[in-house]
Amino acid sequence: MPLSNEKASELRLFSTKRPHMRAFYVSLVSMFCGMFLWFAPSPLQSTIEDSVENVTNHGLAAAATCSVLGSMISRLVVGVACDAYGARLSMVAVLVIISVATGMTTLVTNNVSLSVCRFFSGFGGSTLVAAQFWVSCMFEREIIGTATSIVLGVGYAGGGFALAFLGGIASYLDWRKVLIIPTVAGFGAAAIALCLADDTPNGKYTKVELENDETEKKITLCNRIHFSKALVTAASKFDTWILAFQYGCSAGTNTALLNIAPIYFEDVLGASSTASSAITSSAGWFGLICFVGGLCSDKAMSKSGIRGRCLIQALILCAEGVCLLAFSFVYTIEGAAALFVLCSLMATWAVGSTYALVPYVAPTAIGSVAGIVGFVGSLGAVVLIQLANAFLSSGRPQYAYIIMSALILVSSAMSFLLGSATPKSGSSGDRLECAAGQDIENERQAKETGLATASVSNGTVPVIDLMSAASDDEIAEMIFTAATEVGFFIVVGTGISQDIVDAAFRESKHFFDLPLSAKEEQSPFERSLNSGYEYKKQVRPATGLADQKESFHITARRGCMDGRWPKDDEFRKHTELFIEAANGLAHRILDYLEQKTLPNATPGTLSKSHTLWGDQGQCCLRLIHYPKVPKEDIMALRQAGYWRCGTHTDWANLGLLFQHAGQDGLECCSNPRDNQVKEKTWMAVSPPEGGVVVNIGDMLSRWTDGRLLSNLHRVRLPLDDEMMNPRYSIGYFAQSDRDALIESSDADPITAGDYILGRVKANFKA
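Residues numbered from 1 in each chain as written. Predicted model: local features only at pLDDT ≥ 70, side-chain atom pairs only at ≥ 80, totals over all residues. Heavy atoms only, no water.

A. View of the pattern of salt bridges. Applying the stated rule across the entire model yields 14 salt bridges. When the shortest N-O distance is used, the salt bridge between lysine 509 and aspartate 513 registers 3.0 Å. Using a relative accessible area of 46% as the deciding quantity, one classes aspartate 513 as partly exposed. Beyond isolated ion pairs, a larger network of salt bridges with shared partners links Glu534, Asp547 and Lys549. (Salt bridge = Lys/Arg side-chain N within 4 Å of Asp/Glu carboxyl O. Buried < 20%, exposed > 50% of the residue type's maximum accessible area, 1.4 Å probe, protein only.)

Structure (structure tokens):
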């Protein structure tokens, strides 16, 4: 199955393979059973009233109200629980609760006990939230609309199945025995969810493993977040409330129509009870084609990005509102039936398109967003039913439909206010999809303004001796000054053994000396893992042309290098030693920066977000070879706009570059923050032997609200008077673990995993 950051980018409906499609079908079955249990007592109400002496008609109505109330409250609770503990355990807990409640319903003796059981069986409505969250953990956003809406559509059908199936067999079995069927189904679904499915593509939502002789809790792919923070994050987003209102106007309207339409068709339009039942029951099964809304949203996403999703949302809701408005003015049974069916169909599609937008609102609190949206949807149903009943009893039902259609049309227009899901810049599909779009756009602007090809001026990059007699506070101050003013500096006295460095360069040269076919065969490049060998595949947004280099990427995460290590065992041995040494230096520099940028943080906060060879690691070693350039080709390459490495900023928190003295070519912007200078220039970065070039990356710059500067840099082609020999360098990029949350005051939160994936997608086209 095609993967992107280990989420599936393709929906294979004829597969139940673990983890993606297994979770898809388990979430579908779980929601179906949840709805089955929620609605199980509904077709048995009259039988319960007749057989239980102290249960009255008034008690049945109160119990039904408690059921809806339980659904509303549980949707909020389960949404937050999903963010904190994952969908699988949340789903299991809900299924167990509602199974117990349904089983206990067989023991009710009065109105109160019935209401209590119906309240907890109402928790079945929250399986909607758990299912949506589960799917969002497993599938890429390109197909999230289709995947989610299929699960929700079939899941909703569990309610219709309960009404039809249990109502039918109630004529042959005692109602208590009938309720045993959904009870057993619920416990079975809970067992399946617990034992046969995974929370994320990497397994459980939390996993305990040993690292550095300490037991640390690791989180896979979907971020674990404290429940209170998740709820606050979701509630603080304006988009959450827009989608909640829209869901109330779609699912809520549909529920209201299904409840009051039979009376309207019979009492106002004069339809027979048989015809009325046929019309409304047919609409009740439209949930099965809920996926159309999600599918249309996905198609629009592929064409126009997130704005395409918003447009589809607006169009579907507009069609729903227009159909309902027309319905209120039609007095023939045939015409009203046709418009009623169309309105219900559009409302169902709107559910799919709404939940296709939910994952974009707050990526770190998807469950809480889904919970709020689901809560308001239930609330909308209650309010609209009361509104319709009030006008129906007064003999003016058309007024209710006109008000409802007006609300729907308003919600349609609000689609164009959806803003937090849309990145703040960029227009292409890739940038709209990528929350790292602003940093990518900065590189493109360097091309448009001419900065990417500006000339070189005099200037020097600060050199800092880590072994000097200066105190730690003084070294921290020097590093902070360089990081805030230039973004580049050179460190000497690093403590890294020269033998380790020399061995890594030696193995690098041995690998790059292999034939191209051997390199590609031994170490195929995988873009989603940022691992393996690539030859002139990196296209910088600032140039639009391939860098004139080849590189070998080693992402220090479990599984990333499987099948990608070269056959020479010495290569792996020496590069892993180098990674350990470079990571130690990166941690030391991050600790210095932390003193100045995060003085109130627990010491080691930054460095501890970089782990090696665990499930979440993203630190990357890149061996780079710039091939020899024949002198006669230099001019042609320059005129075509090629660079050995085009103008760019690094994605990481920190970049460390190792190179041989005298192999010049690296340049950084000399006056990046001098806004008084219209034409910015560049300066050469020439480290002494044993010196390591350090630069701040976009990730750390974003984390510190731009206080630390991620500066543009490039590698030029050889000058006419220079040797045209190959150039070798080794870059180590300290990138926070995938589950680390990068928060900034002027940008939406994003996980480090999503951020790096977005940058890789924008740079590697194949």
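After that view of the structure, there is still more to cover.
B. Structural detail: the confidence of the model for the protein chain. The share of residues in the protein chain with pLDDT of 70 or more is 86%, and the mean pLDDT across the chain is 83. Within the model, pLDDT remains below 50 along residues 206–225, and this stretch shows 63 contacts once partners closer than five positions in the same chain are excluded. The low-confidence segment residues 420–436 (pLDDT under 50) makes 48 contacts with residues lying over four places distant or belonging to another chain. (pLDDT = per-residue confidence, 0-100. Contact = heavy atoms within 4.5 Å.)

C. Local environment of the packing of helix 14 (residues 333–361) against helix 15 (residues 366–393). Orientation of helix 14 relative to helix 15, taken along the N-to-C sense of each, is 140°, at an axis distance of 8 Å. Between helix 14 and helix 15, the interaxial angle falls into the category oblique. Note that helix 14 runs across helix 15; the crossing there is right-handed. Taking contact as the criterion, the partners of Thr354, Tyr355, Val358, Pro359 and Val361 in helix 14 are, on helix 15, Ile366, Val369, Ala370, Val373 and Gly374. Residues of the contact of helix 14 with helix 15, tallied by class, amount to 8 nonpolar, 2 polar and no charged. (Axes fitted to C-alpha atoms, helices over the stretch in contact; angles between N-to-C directions. Helix = DSSP H or I, 4+ residues; strand = E, 2+ residues; numbered from the N terminus. Parallel < 35°, antiparallel > 145°, perpendicular 65-115°, else oblique. Left-handed = near helix turned anticlockwise from the far one by under 90°. Nonpolar A, V, L, I, M, F, W, Y, C, P; charged D, E, K, R; others polar.)

D. Up close: the nonpolar core. Membership of the largest hydrophobic core comes to 67 residues, with the highest contact counts inside it found for Phe24, Trp134, Phe139, Tyr355, Val358 and Val373. With 10 residues, helix 1 (residues 20–39) is the largest single contributor of residues to this core. The contact partners of valine 373, leaving out residues within four places of it in the chain, are Thr240, Leu243, Ala244, Tyr247, Thr354, Tyr355 and Val358. (Core = buried A, V, L, I, M, F, W, Y, C linked by side-chain atoms within 4.5 Å.)

E. Region of the structure containing the side chain of lysine 519. In this structure, lysine 519 sits in helix 21 (residues 516–522). Residue lysine 519 is classed as buried on the basis of its relative accessible area, which comes to 4%. A polar contact is formed between the side chain of lysine 519 and the backbone oxygen of leucine 514, at a distance of 3.4 Å. (Polar contact = N/O pair within 3.5 Å; in protein donor to acceptor, adjacent residues only side chain to side chain.)

F. A look at the sheet that holds strand 13 (residues 682–684). Across the sheet, 4 strands lie side by side as 10-15-12-13; this open sheet has antiparallel pairing. Among the strands making up the open sheet, the edge pair consists of strand 10 (645–648) and strand 13. Between one strand and the next, the sheet's axes are offset by a mean angle of 20°, whatever the strand orientation. Looking at chain direction, strand 10 and strand 15 (residues 713–715) are connected through 2 bridges and run antiparallel. Along strand 15, the bridge assignment pairs cysteine 645 with valine 715. (Pairing = 2+ DSSP bridges.)

G. Structural context of helix 8 (residues 175–196). For helix 8, spanning 22 residues, the distance from its first C-alpha to its last is 32 Å, which sits close to the expected 32 Å at 1.5 Å a residue. The set of residues buried in helix 8 consists of Trp175, Val178, Leu179, Pro182, Thr183, Gly186, Ala189, Ala190 and Ala193. One face of helix 8 carries all of its buried residues, which in axial projection span an arc of 145°. Within helix 8, the exposed residues directed more than 90 degrees away from the buried face are Lys177, Val184 and Cys195. Those residues of helix 8 that are buried are in contact with helix 1, helix 2 (45–51), helix 4 (87–105), helix 6 (127–138) and helix 7 (144–169). Between the side-chain oxygen at the start of helix 8 and the backbone nitrogen of arginine 176 there is a gap of 3.0 Å, and the oxygen is on aspartate 174. (Expected span 1.5 Å × (residues − 1). Arc of directions from axis to C-beta.)

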